[in-house]
Amino acid sequence: MRKRSAAQLLVVDDERDMCWALSRILGLEGFGVTTAVSARAAMAAAEKKSFQVAFLDAKLPDVDGVELARRLRRLRPGTKCVLISGYLYDDDPVIQSALKQGSICGFISKPFHIDEVVHALRKALVAPKS
Amino acid sequence: MSPRKNKAESLLSCILDNASVSMLCVGPALRVVLAGSNWRARLGEGEDEDGRQIHRVFAESEQRDEVQELLRKVFRTGKPLVGQRLEDRNRHYEYSIIPFMWGGEVTYAILVLRDTTEELRLLEEVRAVQSRLTSIVESASDIVISLDLSGRIVTWNNAARAITGRSSREVTGRRLADLCPGDSREAFSHAIAETLRTKRVGPVRLRLCGRDAEVRTVDWAFSAMADEAGTVSGIVAVGRDLTEQLETEGRLQRADRLAALGVMAGGIAHEVRNPLAISSAAAQLLLTRPLDRATQLECAEKIHTGIERASHIIESLLRFARSSEPGQQSVLDMTNVIREALRLVENQRKLVRVKLSLSLGRRRSTVRGNPTLLMQAVVNLLLNAVNAMPDGGGLFVSSAREADKVLVRVRDTGRGIPKDDVRKVFDPFFTTMRVGMGTGLGLSVTYAIVQQHGGDLQIESAEGQGTVVTVELPLAGEKSP
Ligand SMILES: Nc1ncnc2c1ncn2[C@@H]1O[C@H](COP(=O)(O)OP(=O)(O)O)[C@@H](O)[C@H]1O
Ligand SMILES: [Mg+2]
């Protein structure tokens, strides 16, 4: 992991404390973390810099998480997206089809175990670029 | 003719001329001997009945044979006949035939005719009025019944029959109270006694035994029936069957609650899971990661705020679930409710760069109600306004006192509501938001809450220009607790 420590991650959640929690967890793994509280802010950040993995809240005030994943990947095709939601379940058709289409590569429901986050991150980092 | 007979005849003609009835004196050959001036008055000029056959006198009447027959009978028997009816030349008469005896035999028969045309016309009018009144009472959908002074049923209309399943014959003479379930009987008797005392009682909600042992809920109005002299002769009871209406209202209220709970449940999933996730993540960090003292404190703090937030949400849910209990009501200032609601939507508002203009009246806008519910109502309106302005805009929130009302207004410069949708926005589940974003219950719940508080809600919108929602709530007195 250490040699990948240059990897940049993006956390998008309209809940500031949620951004705090995720950036702590990911920061402790040795990654640089940028946070955004809306899809608009996320896109602005992605314009400036490329992220290997983005953790996206499914329910954002402006654009929903799945749509944001598509837009991010249109802008930066290499970015892997993990969806986090307190609203949807992983058997939700929206999640299932997003996974199948590859716009997201993982799903975590809130509340989560921090190991789930770390695990999803590792999986995303080793996933083949599509 | 003998002089005595002459004297008698002139006496007769005097009577015939001066009576208020018409009289014809008829001889044994059934010819008119003398006609009173009243009768002559109906003749045309130059006409004279004297000497005419009775059959010809009533030539135009269908009863001419009958008159002739009866006259013959009187001559034969010497017995008077009374109360006969006759229609002639469009006038109605009641007539009697009185034999005039002279020397042991019937010399004349006197036909006494009373013109009843006017009387019959009046009677007809009275009947028409009566039947109109009856048909009003009979076709009314409300129970209309009359009672005597002891509360016994005198008349009973169709509606009463339909609702109770009892015919007029079955109930006439029975006490109305006897047709009520036990718990309403005393109240019924009391209402009737009160009506006799105060002339008017009601509306009182009392139960009545309906068809098939069903109990109906009826709103009654009792009034004393008084004659011209003011003497009370009975009681009129008018009752409206509210059973179905009350059932529907109950169902609607339950549906409102369910819809509202649905919103809460949807909101809860999202709202509670966030603070739970934050607290849980912070706790796990504390447990599994080596952290410096400052980060440890930070984690503890996040756990604390997370738990507080979650329990606050649970609390409002509980409060909401119990909101129908009157105990939850208090007198509160709507300006505080608005401030609080604005704090809750502040994040969303700033995110989409909506500029807020706040104008809260200087006078206290006190209303009586449930603070959590009223706040939810305002939050729903604010969220709708913010959601209508994804590219920014102006949000104008005001509260003002107007007469005995508090007006809360939420105006936005957003996309507005298309004409066709204006009626639908209050429908539960009507939403134009993307799947998963809007429940479509916001306005229906808000409307239910406002109504529950005795208020009203109006929405005005122009597509592409914006929307104004005005909530009117009854002003509560400052002194009330
Ligand atoms: N201020 C507003 N401006 C424009 N449209 C509105 C506004 N308020 C409500 N609406 C319309 O009414 C619909 C129903 O609103 P609501 O009952 O609050 O449910 P929801 O917000 O979940 O869609 C909204 O989807 C929207 O189309
Ligand atoms: Mg809404």
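The rules we used
Residues numbered from 1 in each chain as written. Chains lettered and ligands numbered in written order. Predicted model: local features only at pLDDT ≥ 70, side-chain atom pairs only at ≥ 80, totals over all residues. Heavy atoms only, no water. Helix = DSSP H or I, 4+ residues; strand = E, 2+ residues; numbered from the N terminus. Contact = heavy atoms within 4.5 Å. Areas by Shrake-Rupley, 256 points an atom, 1.4 Å probe, with all protein chains shown as cover. Buried area = accessible area lost by both parts, 1.4 Å probe. Salt bridge = Lys/Arg side-chain N within 4 Å of Asp/Glu carboxyl O. Polar contact = N/O pair within 3.5 Å; in protein donor to acceptor, adjacent residues only side chain to side chain. Expected span 1.5 Å × (residues − 1). Buried < 20%, exposed > 50% of the residue type's maximum accessible area, 1.4 Å probe, protein only. Arc of directions from axis to C-beta. Phe/Tyr/Trp six-rings, centres within 6.5 Å; stacked < 30°, edge-to-face > 60°. Lys NZ or Arg CZ within 6 Å of the ring centre and 35° of its normal. Pairing = 2+ DSSP bridges. Axes fitted to C-alpha atoms, helices over the stretch in contact; angles between N-to-C directions. Patch = residues over 30% accessible without salt bridge, like charges linked within 9 Å, V, L, I, M, F, W, Y side chains within 5 Å. pLDDT = per-residue confidence, 0-100. Core = buried A, V, L, I, M, F, W, Y, C linked by side-chain atoms within 4.5 Å.

Novice: Got a minute to help me understand the overall build of chain B in this structure?
Specialist: Scanning chain B from terminus to terminus reveals 14 helices and 17 strands. Nonlocal contacts in chain B, meaning residues at least 24 apart in sequence, comprise 54% of its contacts between residues at least 6 apart.

Novice: Would you take a moment to explain the overall build of chain A for this structure?
Specialist: Counting its regular elements, chain A contains 5 helices and 5 strands. Along the chain direction, N to C, the helices and strands of chain A fall in the order β-α-β-α-β-α-β-α-β-α. Within chain A, residue pairs in contact and separated by at least 24 positions form 68% of the contacts whose partners lie at least 6 positions apart. Carbon and sulfur atoms form 50% of the exposed surface of chain A, whose accessible area is close to 5900 Å².

Novice: How do you make sense of the interface of chain B and chain A when you look at a structure like this?
Specialist: Quite often, the size of an interface is put as the accessible area lost when its parts meet. The interface of chain B with chain A comprises 27 residues on the first partner and 28 residues on the second. Together chain B and chain A conceal approximately 2700 Å² of surface at their shared face, both sides included; 56% is due to carbon and sulfur atoms. Joining chain B to chain A, the criterion identifies 5 salt bridges. In this structure, Glu 29 of chain A engages Arg 289 of chain B in a salt bridge whose closest nitrogen and oxygen atoms are separated by 3.6 Å. Our count for the chain B to chain A interface comes out at 12 residue pairs in polar contact (both at pLDDT 80 or more). For the side of chain B that touches chain A, the secondary-structure elements that each account for two or more residues are helix 9 (243–288) and helix 10 (293–321) of chain B.

Novice: Before we go on, may I ask you to explain helix 5 (residues 114–126) of chain A in this structure?
Specialist: Owing to its 3.6 residues per turn, the α-helix aligns residues three or four sequence positions apart on the same side. All names here are of chain A. For helix 5, which comprises 13 residues, the first-to-last C-alpha distance of 19 Å matches the rise-based estimate of 18 Å (1.5 Å per residue) to within 8%. For helix 5, every residue scored as buried is listed here: Ile 114, Val 117, Val 118, Ala 120, Leu 121, Ala 124 and Leu 125. Buried residues of helix 5, seen end-on, are gathered within an arc of 160° and therefore sit on one face of the element. Opposite the packed face of helix 5, turned more than 90 degrees from it, sit the exposed residues His 119 and Val 126.

Novice: Any chance you could explain the packing of aromatic side chains here in plain terms?
Specialist: The way to describe two aromatic rings as a pair is by their centre distance and the angle between their planes. The tally for this structure, following the rule as stated, stands at 7 aromatic pairs over all chains. Centre to centre, the rings of Phe 100 of chain B and Tyr 108 of chain B are 6.1 Å apart; their planes meet at 45°, and the pair counts as tilted. Overall, the relative accessible area of 10% leaves Tyr 108 of chain B in the buried class. Members of the aromatic cluster, each reached through a chain of ring pairs, are Trp 39, Phe 58 and Tyr 93 of chain B. Over the ring of Trp 20 of chain A we find Lys 302 of chain B, and its NZ or CZ is 5.2 Å from the ring centre. In this arrangement the basic side chain of Arg 411 of chain B is found over the ring face of Phe 396 of chain B, its NZ or CZ atom lying 4.1 Å from the centre.

Novice: I tried to follow the environment of Cys 299 of chain B on my own but got confused; where do I start?
Specialist: By the element assignment, Cys 299 of chain B lies in helix 10. Between the C-alpha atom of Cys 299 of chain B and that of Ala 283 of chain B, which follows or precedes it by 16 residues, the distance is 6.9 Å. Leaving out residues up to four positions away in the same chain, Cys 299 of chain B has contacts with Trp 20 of chain A together with Ala 282, Leu 285, Leu 286 and Leu 291 of chain B.

Novice: Would you mind showing me how to read the pairing of strand 1 (residues 22–26) of chain B here?
Specialist: Residues in a regular strand point their side chains to alternate faces of the sheet. All names here are of chain B. Of all 5 residues in strand 1, 5 are buried; the element is thus mostly enclosed. Side chains Ser 22, Leu 24 and Val 26 project from strand 1 onto one buried face, and the interleaved Met 23 and Cys 25 project onto a second face that is buried too. Inspection of the sheet shows strand 1 paired to strand 5 (residues 105–115) by 5 bridges, in the antiparallel sense. Of the residues in strand 5, the one forming a bridge with Met 23 is Val 112. Note: strand 1 against strand 2 (residues 32–35), 3 bridges, orientation antiparallel. Bridged to Val 26 within strand 2 is Val 32.

Novice: So what exactly am I meant to see when it comes to the sheet that holds strand 5 of chain B here?
Specialist: Each strand in a sheet pairs with another by means of backbone hydrogen bonds, the pair being arranged parallel or else antiparallel. Residue and element names in this part refer to chain B. Read from one edge to the other, the open sheet built from 5 strands follows the order 2-1-5-4-3, with strand pairing classed as antiparallel. Since the sheet does not close on itself, it has two edges, and those belong to strand 2 and strand 3 (81–88), each with one partner. Averaged over all pairs of adjacent strands, the angle between strand axes in this sheet comes to 30°, irrespective of strand direction. Along the sheet, helix 4 (residues 64–77) contacts strand 1, strand 3, strand 4 (91–102) and strand 5; its crossing angle with strand 5, the most-contacted strand, is approximately 140°.

Novice: How should I be thinking about the sheet that holds strand 5 (residues 106–109) of chain A in this particular structure?
Specialist: Residue and element names in this part refer to chain A. Strand order in the open sheet formed by 5 strands is 2-1-3-4-5, with parallel pairing between adjacent strands. With one partner strand each, in any of the chains shown, strand 2 (32–36) and strand 5 form the two edges of the open sheet. Each neighbouring strand pair of the sheet contributes to a mean axis angle of 20°, computed without reference to strand direction. As paired elements, strand 3 (residues 53–57) and strand 4 (residues 80–85) share 5 bridges and run parallel to each other. Along strand 4, the bridge assignment pairs Ala 54 with Cys 81. Contacts from helix 1 (residues 16–28) reach strand 1 (8–12), strand 2, strand 3 and strand 4 within the one sheet, and its direction differs from that of strand 2 by about 170°.

Novice: I keep staring at the pattern of salt bridges and nothing clicks. Help me out?
Specialist: Oppositely charged side chains can form a pair if their charged atoms are brought close together. All told, the structure shown has 29 salt bridges over all chains when counted by the stated rule. One salt bridge connects Arg 70 of chain A with Glu 67 of chain A, and the closest N-O pair in it is separated by 3.1 Å. One end of the pair is Arg 70 of chain A and the other is Glu 67 of chain A, both in helix 3 (residues 65–75) and 3 residues apart, which spans about a single turn. In this structure Arg 70 of chain A comes out as partly exposed when scored by relative accessible area, which is 32%. The salt bridge involving Arg 216 of chain B is made with Glu 244 of chain B; its shortest N-O contact spans 2.9 Å. Taken as a pair, Arg 216 of chain B in strand 9 (residues 215–226) and Glu 244 of chain B in helix 9 lie far apart in primary sequence, 28 residues in all. The class for Arg 216 of chain B is buried, based on a relative accessible area of 8%. Three or more residues joined by partner-sharing salt bridges are found here, namely Glu 29, Asp 115 and Arg 122 of chain A together with Arg 289 of chain B.

Novice: Help me understand a nonpolar patch on the surface in this model?
Specialist: Nonpolar side chains collect at one region of the surface, where Val 129, Leu 133 and Ile 136 of chain B lie side by side and expose about 280 Å² of accessible area between them. Within the secondary structure, Leu 133 of chain B sits in helix 5 (residues 117–139).

Novice: Even after reading the chapter, I still don't get the confidence of the model for chain B, so can you show me in this structure?
Specialist: Close reading of the predicted structure is inappropriate where its pLDDT is low. Counting all residues, the mean pLDDT for chain B is 84, and 88% of those residues have values of 70 or more. Listed scores for the predicted complex are pTM 0.43 and ipTM 0.91.

Novice: Looking at this structure, how should I read the nonpolar core?
Specialist: With 38 residues, the main nonpolar core has Met 334, Leu 374, Leu 382 and Leu 395 of chain B as its most contacted residues. Every element with two or more residues in this core is listed here: helix 11 (334–351), helix 12 (371–387), strand 14 (393–402), strand 15 (405–412), helix 14 (442–452), strand 16 (456–462) and strand 17 (466–474) of chain B. With 10 residues, the top contributor of residues to this core is helix 12 of chain B. Sequence-distant contacts of Met 334 of chain B, defined by excluding residues within four places in its chain, comprise Ser 365, Val 367, Leu 374, Val 378, Val 406, Val 408 and Leu 473 of chain B. Among the nonpolar cores identified, the runner-up in size contains 32 residues, and Leu 22, Ile 84 and Val 117 of chain A together with Cys 299 of chain B belong to it.

Novice: Quick question: what am I supposed to make of the pairing of strand 10 (residues 232–241) of chain B here?
Specialist: Residues and elements named next belong to chain B. Pairing geometry for strand 6 (residues 143–147) and strand 10, over 5 bridges, is antiparallel. Following the sheet pairing, Ile 145 is matched in strand 10 by Ala 237. As defined by bridge partners, strand 9 adjoins strand 10 across 9 bridges and the pair is classed as antiparallel. Bridge pairing in strand 10 links Met 225 to Gly 234. In this antiparallel pair of consecutive strands, strand 9 and strand 10, the connection spans 5 residues, and Gly 230 shows a positive phi of 90°.

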